[in-house]
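If you want the building blocks of each chain, they are given just below.
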Amino acid sequence: MGKLAALSVKNVRKSGRDGDGDGLYLHVAAAGTKSWVQRIVINGNRRDIGLGSYPAVSLAQARSLAAGNRSAVAERRDPLAEKREAKDAARNPTPSVPTFAEAAACVIELRRPAWSNPKHAAQWRATLETYAFPTIGDKAIDTISAADVLLTLTPIWTCKPETANKVRQRIEAVLDWSVANGWRADNPAGRALLRVLPDTKGLKEHHRTLPYHDVASALRKVRLSQSYTLTRAAFEFLVLTAARSGEVRGTEWGEIDWEQATWTVPAVRRKAKREHRVPLSEQALSLLRDAWTISGREALVFPAPRGGPLSDMALNVMLKRLKVPAVPHGFRSSFRHWTAEKSGVGWAVAETALAHNVGNATERAYLRSDMFEERRGLMQDWADYIAS
């Protein structure tokens, strides 16, 4: 070992191989370029390993690399195979561990083709963005612990039990995907977590609502806002008709009978799968006439800016941005409280106005009327109350 010297390596010009000892050679090509080669026996086979070109790799560095390879062989390792693996790893680096938010996006895209309704993807993202991302969204998925999941769920577990369970199930699905991809060995959001969370059986999650005497001020705030015109109109129509958000957002002009001042919601678009007639107040008809000037050429009464129905989050986001402490569905409760305390109508009329089932199956068999004319007066009184 040590037959070569730094100066001789620098000055050598003759092509061929000059040995340094222990299998290390300086190879000089006919063109004058120089490189280091180590001849070594690996698993009984004689192999040549390139150690780099000179002067990028000095004599001292070449000796150090050669010594490392000899040590590897002594430890029954294959330095040539390790070198190839290192090159492959450099060409195809292992993907970095995604954050929970990145993993959630992958899971949503993976499941999207199986969802019959596009709103499922929006609901998944909305619940995770609202309740999970603030605590674990930026955490790498291999670092999320049961304590992290508990920190996410505990604030909403008893006050929003239905939502909290959906959030847990969606976190569990994202972490299941992470296990399947080899980033985790366990899932801390599984059902075992339920053993340490309070029992929520019997607890019911109520939609945030407003007292009926605050509905008019909420409507004024919406009207004066800079929100998209048809989003504002859809919200006001929802309040005036005490209808569900999905029914309002999907309203088509063909469902409106102008002469009879009636909106007929087809069974296919209703939760109960039964047609429902809604008497329209003067205010509701006026609102529809204004909407006609914007969307009269469309099938939908309240289309989104880029076409198609408004998203299920459009009204929620607007109310949240305007700091109205209620959700769209909550205005049905506002209407129901008003009917109980101010309208003077009977229970059956008020419930039918909300398209609820009245009585048991036998009672409904005898009660064939939908009390439409009584409801017409009720809806006009509700619109007048809001306007006043």
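Residues numbered from 1 in each chain as written. Predicted model: local features only at pLDDT ≥ 70, side-chain atom pairs only at ≥ 80, totals over all residues. Heavy atoms only, no water.

To continue, consider the pairing of strand β2 (residues 24-28). The side chains of a regular strand alternate between the sheet's two faces. Of the two faces of β2, the one holding Leu24, Leu26 and Val28 is buried and the one holding Tyr25 and His27 is not buried anywhere. Connecting the antiparallel pair strand β1 (residues 16-21) and β2 is a turn made up of two residues, with Asp22 showing a positive phi of about 55 degrees. As paired elements, β2 and strand β3 (residues 34-42) share five bridges and run antiparallel to each other. The partner of Val28 across the bridge, within β3, is Lys34. (Buried < 20%, exposed > 50% of the residue type's maximum accessible area, 1.4 Å probe, protein only. Helix = DSSP H or I, 4+ residues; strand = E, 2+ residues; numbered from the N terminus. Pairing = 2+ DSSP bridges.)

Of all the positions in helix α7 (residues 146-157), only Asp148, Val149, Thr152, Leu153, Ile156 and Trp157 are classed as buried. Seen end-on, α7 carries its buried residues on one side only, within an arc spanning 155 degrees. Exposed residues lying more than 90 degrees from the buried face of α7 are Ala147, Leu151 and Pro155. The inward-facing, buried residues of α7 contact α5 (119-131), α6 (133-136) and α8 (161-180). (Arc of directions from axis to C-beta. Contact = heavy atoms within 4.5 Å.)

The next thing to look at is the pattern of salt bridges. All told, the structure shown has 15 salt bridges when counted by the stated rule. Two residues, Arg17 and Asp48, come together in a salt bridge whose shortest N-O distance is 3.5 Å. Linking Arg17 in strand β1 with Asp48 in strand β4 (residues 45-54), this pair joins segments that are 31 residues apart in sequence. Of the charged contacts in the structure, one is a salt bridge between Glu255 and Arg269, with a shortest N-O distance of 2.6 Å. Here Arg269 lies in the loop between β6 (262-265) and β7 (276-279) and Glu255 lies in the loop between α11 (245-249) and β5 (256-257), a separation of 14 residues in the sequence. Residue class for Glu255 comes out buried when judged on its relative accessible area of 11%. On the accessibility criterion, Arg269 (22% relative accessible area) is partly exposed. Connected through salt bridges with shared partners, the residues Arg17, Arg39 and Asp48 form a single ionic network. (Salt bridge = Lys/Arg side-chain N within 4 Å of Asp/Glu carboxyl O.)

Bear in mind that shape data such as this cannot, by itself, settle questions of function.
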